[in-house]
Each structure stands twice: as structure tokens, then as C-alpha cells.
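One letter stands for each residue in the lines below.
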Amino acid sequence: MSSGIWQRGKEEEGVYGFLIEDIRKEVNRASKLKCCICKKNGASIGCVAPRCKRSYHYPCGLQRECIFQFTGNFESFCWNHRPVQIIPPNNYRDSLPCTICLEFIEPIPTYNILRSPCCKNAWFHRDCLQVQAINAGVFFFRCTICNNSDIFQQEMLRMGIHIPEKDASWELEENAYQELLQHYERCDVRRCRCKEGREYNAPNSKWEIKRCQCCGSSGTHLACSSLRSWEQNWECLECRSIIYNSGDFQKAKKHALPNSNSMGINDCLLEESSPKLLKQSPGAQSKDLLRQGSKFRREISTILIEIGFQIKKKPKKLYINKANIWNSALDGLKNQNFNPSFTIEVAYINENDKFGREHPGSKQEFLSLLMQHLENSSLFEGSLSKNLSLNSQALKENLYYEAGKMLAISLVHGGPSPGFFSKTLFNCLAYGPENTQPILDDVSDFDVVQVIIRINTATNMDDLNSAINECYNYLKLIGCLKVTRTLSDKYHLVNDILFYHVIKRVQAPFESFKQGLKTLGVLEKIQTYPEAFCSILCHKPEAPSAKVLSDLFTVHTLSDVQALGFWNTYLQTVEGGKSATTMEDILIFATGCSSIPPTGFKPTPSIECLHMDFPIGNKCNNCLALPMTSTYKEFQENMDFAIRNTLRLEKEESSHYTER
């Protein structure tokens, strides 16, 4: 998108045809240009409109609703000169649904609302279109109403929709349509009469399974629905209700059994209807995220939402002991009945509770606690940026695989950003160990660090040979002992030591960890979108600001105006450092997470005002109940007291188990 660079080379030259010297010149040119939005240098993109002198960064342009055209000369337009859709006056009085997410929108063309050029009644959210374009690719992206692709794509490219030149995401999945080759074989009527069970199927007998003629995803034994032969038509209860409500019931009656009038209440009318829920469209999910994070978070969240489409509505409950989060999580995830594609539900239990009572838990709080434990576990080494350690016992118990699996499940099921990977560990996962060179900061072993520094600081050959002799046995043991002829050979030796200690030494844990990350296809996405995943795997999220928290929490019920005013003032007080409570403390108290997860909170955090002295955080519903006080001073004191002491008690309970 940079204005001062052109693709002068062939595709295989430089960086996809952009020559290195041209890139350097553009970097130098952009360093002198100030972004008209954030006022910082490096604004390499300029509006192509004549006489317009606005320059901006790409993320800043997105934030200010500039349009970038991913076609032709890759032109960009500022907010004053961006292309618009010219729509003649219409007679739309009511809102119309977005034809992708089905949410109602005002049929007025704006930056966020687009109309199909080929179908007058087809309106879209920009976010819905963009997500669909990324999923469908250039070969399958078309109008949702008439399936036109040429006119539709041309207009969408003009309006800044990026259409990648790739096959559709559903075409790239291995065995994506395998289930279409399988026949549904299960009796779903409420009272199955077969003694062999619901899944018993005996062709050419009364226990042969007949599938619904409408949906094909429900079945019945012939005898269980009083069908005389396999040729007779049969509809499941759900499809039958749809036919009845659609007004075509008289037509459907022709398929009824000859003796249906004499049956009375037939067993087939007592079937258990299987849930057939439509998946929420990517656009609808993305719009929830607009209120919960930055522009960049939407990009990584879109990727994770795509992966999350494979999560089924079938719930799987995990019984978690918060005082022993690691072992209880291991027990649940290693259970043979656990499926990572099932919806996770959490129930908290206490091993000291003699009655075995369970309490509803927050899934996002559980995943947040699990990631914190994983970061500080013996599976990783390092202070802030961590690499895999070599733990023979953990390797024997296959814990590295479980750790990778936990990370993958956490990301897809709405957990927080891990943020503790070193760049070296991430590059090994994204690009392969053979394309990764570790640095000295990756080494946590003090003795090895001293060896590397000693060799690297050698000033002449005698000094270098002396350094090598001092660690002769170590170099021989790790296979890095080699003849050095020049002083520059020390750099090759240092790189060999680094590669062995950080990568080769932990090859077995790395392979096991990588296999775990393949859960739900996460590793494949990391390798496809490395830059997006690097932001959440290698970097901790920034502390939320007062404005972010104010926008994050919505008011669902009629609340006290004074309490809401106190709430906004309290956020400003905390942000200004005039309270012992932090922004992260407030978020943990209400949701169980110290930062906004990449896919946002589900449900959306909310606040309400109640007649009580102290606040209450409901982490299952992400709801914060505010106290109603007469003065702001009392409000702040009560908020600080409740939040700080609640978090302190939870921390003491966790540390008490660790000490034991």
C-alpha cells in the first residue's frame, strides 16, 4: 500500500518483486512523513486524490475508515475522498437484514454498510463481506442473492474489500466432506422398540433404519414408526413441524401412511427433536468484537472465529478444582470422552467438600488460570519470553503434548492471549527449527551463558583456543567441537552452541508440543498467519484503559444514573494511579480474565446497579454489580475494599495448595 514503491522485479526477485533497494528507499522516505492521524512518523501511504496531501499508517487509515483497494495499483483514499456507492433515492422505510449475518441494518450506503451492485435488495455489513471474502477466496466470493461474481467482485474491490487469490477455506480442509459419505444410522424416536439398541440396523427387516426424507439427519427403525416397508416416506418431527407451519401441510399429507388415521398417537410424533442450530455468521461475531478491542485484535479474532466454526453445540462439562487447576484440567482433557470440538462447560469443585457439591464456573476464568499455570510450569524456562525446557519426567508423561493441546483449546474456546512465547519458540513453530536462529537471551542456563560469552568475547586466536579448551568436554558432549582457523569462526561456534541448547536439545519436547498444537487445526493457522499469531503468543496485552473498560461494559438494565457516574469517575481514578486497585484487578473481579481475550468476552460484560454496600462480580455472566452509595468517596472505598480482598483471598487459596 505504500505510495512510493513499485514492483519493479520479477515475482521471485526481492520480496515478491519488490526490490530490496526500493524497500529501503521507501522506508527512508516514509521516515520523514508524519501520519495525519496519530502524528507519528513513518506514514508511507498517501491519499491518491489530486491535491490531497494526507499521509497515514495502514492501521491508522483503517481506524479512520480510509479505503484501500487491493487491486490495480493498490490505491488508497482518505476519509474525505474515498469512493462511495451512488444509490438513487429509494422507498425503504424499514430496516433490511444483512444477507450474511441477518442482522437488521439501515439501507443507507456508508463506510460500514455496502449494497450489492447486482441485487438492489442485498445489503451487507463491511465486516461480514470481508470475512466472507477471506473464507471464500476469489473463486467462490460472489453475491449471496444471485451468485454473480464478476460485477460483484469488481464493486467490492473498488470499495476496499480484500479478496485473496486462494481457494475457499472449506476446500482446503482435509477430509472436509468426509461426513457426506456416511449414512445416518440411528433411531431417534422417543420410544425405540429395538432390544439391540438405537444404532442397530438390520437391512431387509423391520429393524432396518429409515432416514428422514427431508433432512436425512434423523432416523427410525421401520417397526418403531409402524412403517410397513422401506419405500414408505417418513419425516422426522422437526421437518414435519416446518412443513406444517409453512402451509404446505396438505401437500405433505399425501405421504402419510394408509392407516395413519387409525393410528391414534403415533410413536413417530413423540420423537426427540435433534437441535439444528444455525452457526452465527462471521460478520455477526465480528461486530461483537468491534466493541471489545482494537482493529488488530479483530484480525486475529477473525482467524480464531473461523477455527471455532468446528465447535459443536454438544456440551462437555469439566470438573475443576481451582486450588489444583493443573491436575484437574489434565484429568478432564485426557478423559477418553473429552472432545476438543465440544462446547466446554466448567463446574468448580472442592476436594475438601464432603458433600461433593459443584458450583457453576466461568470457562474464560478457568482458561485464564490454566494459561497462568502453564506459563510458570516446569515445561518452560526463561524469565519473560520462554522456551521449552527439557524435563524428562514431563516428556515421559506426555505433558508437552498436553500443554500444546491446552494452548490450542484455550485460543479457540475464548481463552486469553498466552503472550509468553519467545520469538525463537514461535519461529520454530511457524517457520521450522531449521529456519530459526536462537539468541543469547534464549539461554536460561547461567553456565552455558558464561561459555557463550567467553567464546564470543575472545579477541585473538590464542584467547579463542584458550576459551575452547576451558569448555572442551562440554563442546565435545554436545557435538560442537570443531577446528577453528580464524577468529571469525567463533561466531559459527556460538551459533552452533545456541542452536543445540535452545533447539536441538529440546527436539523431543518440541515435537510433542507441536503435535498438541495441531488440535483443532491451530498449528496450521499459526503457520499460515504467523504475524497475526505472533501478536498474541509473544506479546502480553496492554493494560486496558478507562475508556476501553467503559466501552466494554454495557448497561443492560435500568441503572442508577449517579452510580454510573461514580463508575466512570472510579475508572479515571484507577487509571490515574490514585487507587490501590488496577484496571486488571477490575477485569479479573468481573470476568476472571486480566485482559480482553482475542475473540472477546462471551457473554459481553455488563454492569448493573443494586441496593447494596459492596460490588459483586459474576464471572459466569461477566456481570459487575455496582453498589449504590450516597457519595463518591464511599463508592471508591467500597469498590477498592471488595476487589482487593476478593483477589487476595483467591490468591491465598491458590498459594496454599502450592505450598502443600
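Residues numbered from 1 in each chain as written. Predicted model: local features only at pLDDT ≥ 70, side-chain atom pairs only at ≥ 80, totals over all residues. Heavy atoms only, no water.

1. Some remarks on the pattern of salt bridges
Then comes step 1: Overall, the coordinates contain 17 salt bridges when judged by the stated rule.
Then comes step 2: Arg186 is paired through a salt bridge with Asp188; the nearest N and O atoms lie 2.9 Å apart.
Then comes step 3: On the accessibility criterion, Asp188 (10% relative accessible area) is buried.
Then comes step 4: A salt bridge links Glu365 to Lys619; the shortest N-O distance between them is 3.0 Å. One end of the pair, Glu365, is in helix H11 (residues 363–375); the other, Lys619, is in the loop between strand S18 (616–618) and strand S19 (623–627), with 254 residues separating them in the sequence. Lys619 shares its class with Glu365; the two are buried. (Salt bridge = Lys/Arg side-chain N within 4 Å of Asp/Glu carboxyl O. Buried < 20%, exposed > 50% of the residue type's maximum accessible area, 1.4 Å probe, protein only. Helix = DSSP H or I, 4+ residues; strand = E, 2+ residues; numbered from the N terminus.)

2. What about the UniProt feature "active site" (unreviewed entry) in the chain?
Then comes step 1: This chain's UniProt record puts "active site" (unreviewed entry) on Cys620.
Then comes step 2: Mapped onto the secondary structure, Cys620 falls in the loop between S18 and S19. (UniProt positions renumbered as here; feature names shortened; annotations may be inferred.)

3. So, the side chain of Ser422
Then comes step 1: Relative to the elements of secondary structure, Ser422 occurs in the loop between helix H13 (399–412) and helix H14 (423–431).
Then comes step 2: By relative accessible area, Ser422 is classed as buried at 1%.
Then comes step 3: At 2.5 Å, the side chain of Ser422 and the side chain of Asn387 are in polar contact.
Then comes step 4: Look past the residues within four positions of Ser422 in its chain and what remains in contact with it is Ser385, Lys386, Asn387, Asp442 and Cys538. (Polar contact = N/O pair within 3.5 Å; in protein donor to acceptor, adjacent residues only side chain to side chain. Contact = heavy atoms within 4.5 Å.)

4. Quick look at the packing of aromatic side chains
Then comes step 1: Scanning all chains against the criterion turns up 17 aromatic pairs.
Then comes step 2: With centroids separated by 6.3 Å and ring planes inclined at 80 degrees, the aromatic side chains of Tyr56 and Phe68 adopt a geometry described as edge-to-face. Pair noted here: Tyr56 is in strand S2 (residues 55–56) and Phe68 is in strand S3 (residues 67–68), with a separation of 12 residues, a long-range link.
Then comes step 3: Here Tyr56 falls in the buried class, since its relative accessible area comes to 0%.
Then comes step 4: On the basis of an interplanar angle of 50 degrees and a centroid distance of 4.6 Å, the ring pair of Tyr58 and Phe68 is categorised as tilted. Highlighted residues: Tyr58 in helix H2 (residues 58–63) and Phe68 in strand S3, separated in sequence by 10 residues.
Then comes step 5: Judged by its relative accessible area of 29%, Tyr58 is partly exposed.
Then comes step 6: By relative accessible area, Phe68 is classed as buried at 2%.
Then comes step 7: Ring pairing ties together the aromatic residues Phe380, Phe420, Phe421 and Phe513, which thus form one cluster.
Then comes step 8: The ring of Trp79 carries Arg64 above its face, with NZ or CZ at 4.0 Å from the centroid. (Phe/Tyr/Trp six-rings, centres within 6.5 Å; stacked < 30°, edge-to-face > 60°. Lys NZ or Arg CZ within 6 Å of the ring centre and 35° of its normal.)

5. What to know about helix H4 (residues 150–158)
Then comes step 1: Among the residues of H4, those classed as buried are Phe152, Gln153, Glu155, Met156 and Leu157.
Then comes step 2: Following H4 by one or two positions, Gly160 has its phi on the positive side, about 90 degrees.

6. What about the side chain of Thr629?
Then comes step 1: Position of Thr629 among the secondary structure elements: in the loop between S19 and helix H25 (632–659).
Then comes step 2: Within the structure, the side chain of Thr629 is placed 3.0 Å from the backbone oxygen of Thr631, a separation counted as a polar contact.
Then comes step 3: In contact with Thr629, other than residues within four places in its own chain, are Gln562, Phe566, Glu634, Phe635 and Asn638.

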